[in-house]
Amino acid sequence: MEKIGLLGGSFNPVHDGHLHLARAALDSGRVDRVMFVPTGNPPHKHEELADKQCRYEMVELALAGEPDMEASREEIDRPGVIYTVDTLHRLREKMPQNELIYLIGADTLRQLETWRRIDEVITLCGFLVMKRPGEDEAGMEILAQHWRARGARIDFLTAEKMDISSTRIREEAAKGEPLTDEVPLLVEGYIRSHGLYGSNQGDGSSMKRDKMIYKLKKTLDAQRFEHTLGVEETARKMALMFGADVEKASLAGLLHDCAKCMTLAQMVKAARHLPLDPVMKESKALMHAVAGMCIAQTVYGVTDPEVLGAIRWHTTGRPGMTQLEKIIYLADVIEPNRKPYPGLEELREACLTDLDEALLMALRMSLEHVRQQGKTLHSDTMAALAYYELE
């Protein structure tokens, strides 16, 4: 029998605190899976409640890369006012062999008497009460004994609650503030690209550099962040050298790896609206460039197609690359923090004089590198190599 933890709520929006509680329940061994159940039309509406489909899609994005968590449409697809007791009946019909365990906070335990048809509810599921360290242990146990006497199955789990408020997230979104400390990156991108909660992203302006730096520090590991700054500076120097737009080169260099530390599942989700070949979908090394273009657009507010293209093609290259695409591709492989590899110094020298010659050299080195690993060069890189060898 599988134990299914149910985490209900408006998820307006879903945030890291919700994921933290789900992980705590899973890590405790009290549940085998956690099902997030976004409310469709709750009995207590609220003015800032985002569209139910948007809230469901945000939950789906938040759970990308979380194999033991899933999003349920059980309440999203039902018309009328939705009550938990009805949802539990339907879930029991669909999963008769599983045990349902509702994940609730200590405050909800105190309000359990207000739930519609609560005597039915306690026959349909057990409760795992997520309490904070230092919670009133004696008071909680007295309340639990009251419900156990009525037939309820109640267990406790101490879990540190993250100081995250959905209300505060909505307020920060409206001000254009970074949400990195509070929601998954894909959720932030969704909020901004859909203009939820008064978010002003999508007005044609990029996020300020200091906010980009703050966000990149939070989402990249230290080594990748150092590499990012190296690429940005190298791209600026190359742009000056070859007469390219320095600000565009700087922006593309800064964001070229913005998706690098995401899981593969998160990368694929970020680029879900784009056609992706099977090889790309199985490789973080390839996917991060495509996902990075999407994250740069949705999270960082980049709308310039040249900058987005430079991020998109910085890993594989392509035939007929723009000057900016060549600069970012090369800056990525020669920046000063790169560990020494055969041909690096010769490539750096070539980058001082001729972009096309340097690009062809880098593509050939990429081919040799993957051959030594017993792998096959991606078709986009093969096409780029063939194109520049004929130039």
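For the structure itself, look to the data block above.
It should be emphasised that the depicted structure is a prediction, and the values quoted were computed from it without experimental measurement.

### Comments concerning the side chain of N12
Counting through the fold element by element, N12 comes out in the loop between β1 (3-9) and α1 (16-28). A polar side-chain atom of N12 sits 2.7 Å from a polar atom in the side chain of Y197.

### Things to note about unusual backbone geometry
The amide bond that connects N12 to the next residue, P13, takes the cis arrangement and shows omega of 5°. Note that P13 resides in the loop between β1 and α1. You will see that F11, though not glycine, has its phi angle at about 50°, which is positive. You can see F11 is positioned in the loop between β1 and α1. Phi angles above zero are rare outside glycine, and R117 is one such case at about 50°. Within the secondary structure, R117 sits in the loop between α4 (106-110) and α5 (118-124).

### Considering the sheet that holds strand β3 (residues 69-71)
The pairing of strands in a sheet happens through backbone hydrogen bonds and is either parallel or antiparallel. Pairing is parallel in the open sheet, where six strands are placed in the order β3-β2-β1-β4-β5-β6. Since the sheet does not close on itself, it has two edges, and those belong to β3 and β6 (154-158), each with one partner. The mean angle between the axes of side-by-side strands here comes to 30°, regardless of whether they run parallel or antiparallel. Both strand β2 (residues 33-38) and β3 contribute to a ladder of three bridges, which runs parallel. Paired with V34 across the bridge in β3 is M69. Sitting on the sheet, α1 touches β1, β2, β3, β4 (99-105), β5 (126-131) and β6, and the angle it makes with β2 is about 150°. This element, helix α3 (residues 84-94), spans β1, β2 and β4 of the sheet and lies at about 150° to β4.

### Some thoughts on the packing of aromatic side chains
As enumerated under the stated definition, the model contains four aromatic pairs in all. Here a set of aromatic residues connected by ring pairs shows up, and it is made of Y102, W115 and F127. When the ring centre of Y56 is taken as reference, the NZ or CZ atom of R73 above it lies at 4.5 Å. Over the face of the ring belonging to F156 we find K131, whose NZ or CZ atom lies 5.0 Å from the ring centre.

### What to know about the pattern of salt bridges
Scanning the entire structure with this criterion turns up 31 salt bridges. Put simply, R33 and E2 hold a salt bridge, and the shortest N to O gap is 3.1 Å. Note that R33 is positioned in strand β2 and E2 in the segment before β1, a separation of 31 residues in sequence. The class for E2 is partly exposed, based on a relative accessible area of 29%. Here R224 makes a salt bridge to D257, at a shortest N to O gap of 2.8 Å. Of this pair, R224 sits in helix α10 (residues 222-242) while D257 sits in the loop between α11 (246-255) and α12 (264-270), and the two are 33 residues apart along the sequence. Residue R224 is classed as partly exposed on the basis of its relative accessible area of 22%.

### Description of the pairing of β5
Here β5 lies mainly inside the structure; six of its six residues are buried. Along β5, one buried face is formed by G126, L128 and M130 and the opposite face, lined by F127, V129 and K131, is buried too. One ladder, built from five bridges, connects β4 with β5; its direction is parallel. Within the sheet, the bridge partner assigned to I104 lies in β5 and is V129. Relative to β6, β5 is paired through five bridges, and the arrangement is parallel. Following the sheet pairing, V129 is matched in β6 by F156. Read as a crossover between parallel neighbours, the route from β5 over helix α6 (residues 137-149) to β6 is right-handed.

Procedures and definitions
- Residues numbered from 1 in each chain as written.
- Predicted model: local features only at pLDDT ≥ 70, side-chain atom pairs only at ≥ 80, totals over all residues.
- Heavy atoms only, no water.
- Helix = DSSP H or I, 4+ residues; strand = E, 2+ residues; numbered from the N terminus.
- Polar contact = N/O pair within 3.5 Å; in protein donor to acceptor, adjacent residues only side chain to side chain.
- Pairing = 2+ DSSP bridges.
- Axes fitted to C-alpha atoms, helices over the stretch in contact; angles between N-to-C directions.
- Contact = heavy atoms within 4.5 Å.
- Phe/Tyr/Trp six-rings, centres within 6.5 Å; stacked < 30°, edge-to-face > 60°.
- Lys NZ or Arg CZ within 6 Å of the ring centre and 35° of its normal.
- Salt bridge = Lys/Arg side-chain N within 4 Å of Asp/Glu carboxyl O.
- Buried < 20%, exposed > 50% of the residue type's maximum accessible area, 1.4 Å probe, protein only.
- Right-handed = clockwise from strand over helix to strand, strands pointing away.

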